[in-house]
Every structure is written in structure tokens, then in C-alpha cells.
Amino acid sequence: MRAVEDDFRNGADDDIERFVKEALDNGIRFTPDDIIDISYHVWDKNLLVRLISTSKPRFLQEHADMLSFRWGTVELEYHVEAFDHEYNEGNTYYVNTPEEDW
């Protein structure tokens, strides 16, 4: 998060997205509070869905409500069984439940 905040202070939102994607690719899981902070600096909805679906602890609807200022109304729908990928339709985000929550 320090690296994200440093990039933000330097006005480098593109670098933030790249950094966050790299962190996720390396197994980093962000907290809901960190995701809310990051959400103000990313424009990629797929990245936001990926952040939400991998958060630890689980990203709840109360956290999603805090995204509405930037992203509009966000509704989460979790599935018990995994599916191929996370996606969104409008403002509903379909995310896999992390396996350890099953």
C-alpha cells in the first residue's frame, strides 16, 4: 500500500493499476479498506472485480456500498461454487468466493 500511495502522490494512476495487477499475480490479497482506497485510483472494472474477489477478509456489501461514490451502486453476488472468471453486468459484480470460505 505504501507503493500505491507513493505512486498516487506522484500522479501515476497507470502505474498504480500495473502495480496492483502485479501484486495480485504474485498472490497478494488486499484488505477491504485497502481496496476502497485503491478504487479511487483505478479505472479498470475487471481489476476492481479481481480485487474484491480476492480480498482478505471477505469484501462485504457494506464495503461495496463505500464504492458507490466512485463507481455508482455496487451490488455483490457471491457464489459458493467457483466459476471460470469474475465479471460484472451493470453494477452487479459476480465474484468467486475464496476457496477457504467454502
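In the block above lies the structure referred to throughout.
Residues numbered from 1 in each chain as written. Predicted model: local features only at pLDDT ≥ 70, side-chain atom pairs only at ≥ 80, totals over all residues. Heavy atoms only, no water.

Participant: Could you clarify how one ought to interpret the pattern of salt bridges in this entry?
Facilitator: Side chains that differ in charge, positive against negative, can pair when their charged atoms come close. Under the criterion given, the structure shown has 2 salt bridges. In this structure, Asp44 engages Lys21 in a salt bridge whose closest nitrogen and oxygen atoms are separated by 3.4 Å. In this pair, Asp44 sits in the loop between helix H3 (32-39) and helix H4 (45-54) while Lys21 sits in helix H2 (residues 13-25), placing the two residues 23 residues apart along the sequence. Since its relative accessible area comes to 22%, Asp44 is described here as partly exposed. Take Lys21: its relative accessible area is 32%, and that puts it in the partly exposed class. Of the charged contacts in the structure, one is a salt bridge between Asp25 and Arg50, with a shortest N-O distance of 2.6 Å. With Asp25 in helix H2 and Arg50 in helix H4, the pair connects residues that are 25 residues apart, well separated along the chain. Overall, the relative accessible area of 28% leaves Arg50 in the partly exposed class. (Salt bridge = Lys/Arg side-chain N within 4 Å of Asp/Glu carboxyl O. Helix = DSSP H or I, 4+ residues; strand = E, 2+ residues; numbered from the N terminus. Buried < 20%, exposed > 50% of the residue type's maximum accessible area, 1.4 Å probe, protein only.)

Participant: I'm lost on the packing of aromatic side chains in this one. Help?
Facilitator: Per the stated rule, a full pass over the model turns up 0 aromatic pairs. Over the aromatic face of Trp43 sits the side chain of Arg70, whose NZ or CZ is 3.7 Å from the ring centroid. Against the face of Trp71 rests Arg70, its NZ or CZ located 4.6 Å from the ring centre. (Phe/Tyr/Trp six-rings, centres within 6.5 Å; stacked < 30°, edge-to-face > 60°. Lys NZ or Arg CZ within 6 Å of the ring centre and 35° of its normal.)

Participant: I keep staring at the environment of Gly72 and nothing clicks. Help me out?
Facilitator: Within the secondary structure layout, Gly72 lies in the loop between helix H6 (68-71) and strand E1 (75-79). Between the alpha carbons of Gly72 and Gly90 there is a distance of 9.8 Å; along the sequence they are 18 residues apart.

Participant: Explain the packing of H3 against H4 to me, please; I cannot follow it from the model alone.
Facilitator: Helix packing geometry: the angle between the two helix axes and the distance between the axes. Between H3 and H4, whose axes approach to 10 Å, the crossing angle comes to 170°. When the axis of H3 is compared with that of H4, the two are roughly antiparallel. Side by side, H3 and H4 meet where Ile35, Ile38 and Ser39 of the first sit next to Leu48, Leu51 and Ile52 of the second. Its residues assigned to classes, the contact of H3 with H4 shows 5 nonpolar, 1 polar and no charged. (Axes fitted to C-alpha atoms, helices over the stretch in contact; angles between N-to-C directions. Parallel < 35°, antiparallel > 145°, perpendicular 65-115°, else oblique. Contact = heavy atoms within 4.5 Å. Nonpolar A, V, L, I, M, F, W, Y, C, P; charged D, E, K, R; others polar.)

Participant: How should the nonpolar core be read in this particular structure?
Facilitator: For soluble globular proteins, nonpolar side chains are generally found buried alongside one another. Val20, Phe30, Ile35, Leu51, Ile52, Phe59 and Leu67 are the most contacted members of the largest nonpolar core, which totals 21 residues. Among the elements that line this core, the one with the most residues is H4, at 5 residues. Discounting chain neighbours no more than four positions away, the residues touching Ile35 are Phe30, Leu48, Leu51, Ile52, Ser55 and Phe59. (Core = buried A, V, L, I, M, F, W, Y, C linked by side-chain atoms within 4.5 Å.)

Participant: Would you take a moment to explain the environment of Ile16 for this structure?
Facilitator: By the element assignment, Ile16 lies in helix H2. On the basis of relative accessible area, Ile16 is assigned to the buried category, the value being 0%.

Participant: Help me understand the environment of Tyr40 in this model?
Facilitator: Take Tyr40: it is sitting in the loop between H3 and H4. In this structure Tyr40 comes out as partly exposed when scored by relative accessible area, which is 35%. When the C-alpha positions of Tyr40 and Arg70 are compared, they lie 6.6 Å apart, and in sequence the two are 30 residues distant. If near-sequence neighbours (up to four positions away) are discounted, Tyr40 is found in contact with Met66, Phe69 and Arg70.

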